[in-house]
Amino acid sequence: ATGHKWVNNNRENEAILSSIENICDDSNFSEVLLLGDFNLPDVSWATGSVNSNKDSKNKILLNQSKYLDTFSVKGLSWYFTNEITRRRLVNGVLQESLLDQVLTTNDAILHSVDILPKLGKSDHVCVKIELAVSLEKITDKIAHKQVWGKVLPSDLTNFSHDNINWEYSSNDLCVEKNVE
């Protein structure tokens, strides 16, 4: 799942938090990976806390705390702690922040995570993720189906995440092997 742009609307925030909880609670997923622009500017990812007075009544800070609490309760850990994922000039002053994040229930599914330069006029950097998973067993099981419209619903519902070879490597993506 991809992250979201944090909004200053309680109803929308509750819906987003509920979606995150539902994704994490779904028994069809053995592992969860959430990524994107979470736009939680007051979060200190190094400490896992919101930079505020613990007795603060500020709604924005309280909502950011709700996100961190949800991440923790659902077993999501974050990848970035001190990196800069957004740079922009505001009134001639450079603002740098960590807004983009990679959250997962299992760090072992991440083979590598790299920050790359921004694209175009975006003020966010690019994040390149290489997963340590393989779809080999999935494709072996369903590769014989040439027409997806003829795949039986039972074939899809009986699919198990146990069929995924989690020992994926980008070395398995050799073009020459696939051309033969």
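The structure we're discussing is the one just above.
Owing to the predicted nature of the structure, the values given are computational and were not obtained by experimental measurement. (Residues numbered from 1 in each chain as written. Predicted model: local features only at pLDDT ≥ 70, side-chain atom pairs only at ≥ 80, totals over all residues. Heavy atoms only, no water.)

Considering the nonpolar core
Ile20, Leu34, Leu40, Trp45, Phe71, Leu76 and Leu103 are the most contacted members of the largest nonpolar core, which has 24 residues in total. Listing elements by their share of this core, those giving two or more residues are helix H1 (10-25), strand E1 (33-37), helix H2 (59-73), strand E7 (100-104) and strand E8 (110-116). For this core, the leading source of residues is H2, giving four residues. Excluding residues within four positions of it along the chain, Phe71 makes contact with Ile20, Phe38, Leu40, Trp45, Leu76, Trp78 and Leu103. (Core = buried A, V, L, I, M, F, W, Y, C linked by side-chain atoms within 4.5 Å. Buried < 20%, exposed > 50% of the residue type's maximum accessible area, 1.4 Å probe, protein only. Helix = DSSP H or I, 4+ residues; strand = E, 2+ residues; numbered from the N terminus. Contact = heavy atoms within 4.5 Å.)

Regarding the sheet that holds E7
Within a sheet, each strand pairs with its neighbour through backbone hydrogen bonds, oriented either parallel or antiparallel. An order of E1-E7-E4 is seen for the three strands of this open sheet, with the pairing classed as antiparallel. This sheet does not close on itself; its edge strands, each paired only once, are E1 and strand E4 (77-78). Of the strand pairs in this sheet, E4 and E7 are connected by two bridges, and their pairing is antiparallel. Note on E7: the bridge partner recorded for Trp78 is Leu103. (Pairing = 2+ DSSP bridges.)

Observations concerning the pairing of E1
For E1, a buried count of four out of five residues is recorded, marking the element as mostly surrounded by other parts of the structure. Looking at chain direction, E1 and E7 are connected through five bridges and run antiparallel. By the bridge assignment, Gly36 is partnered in E7 with Gln101.

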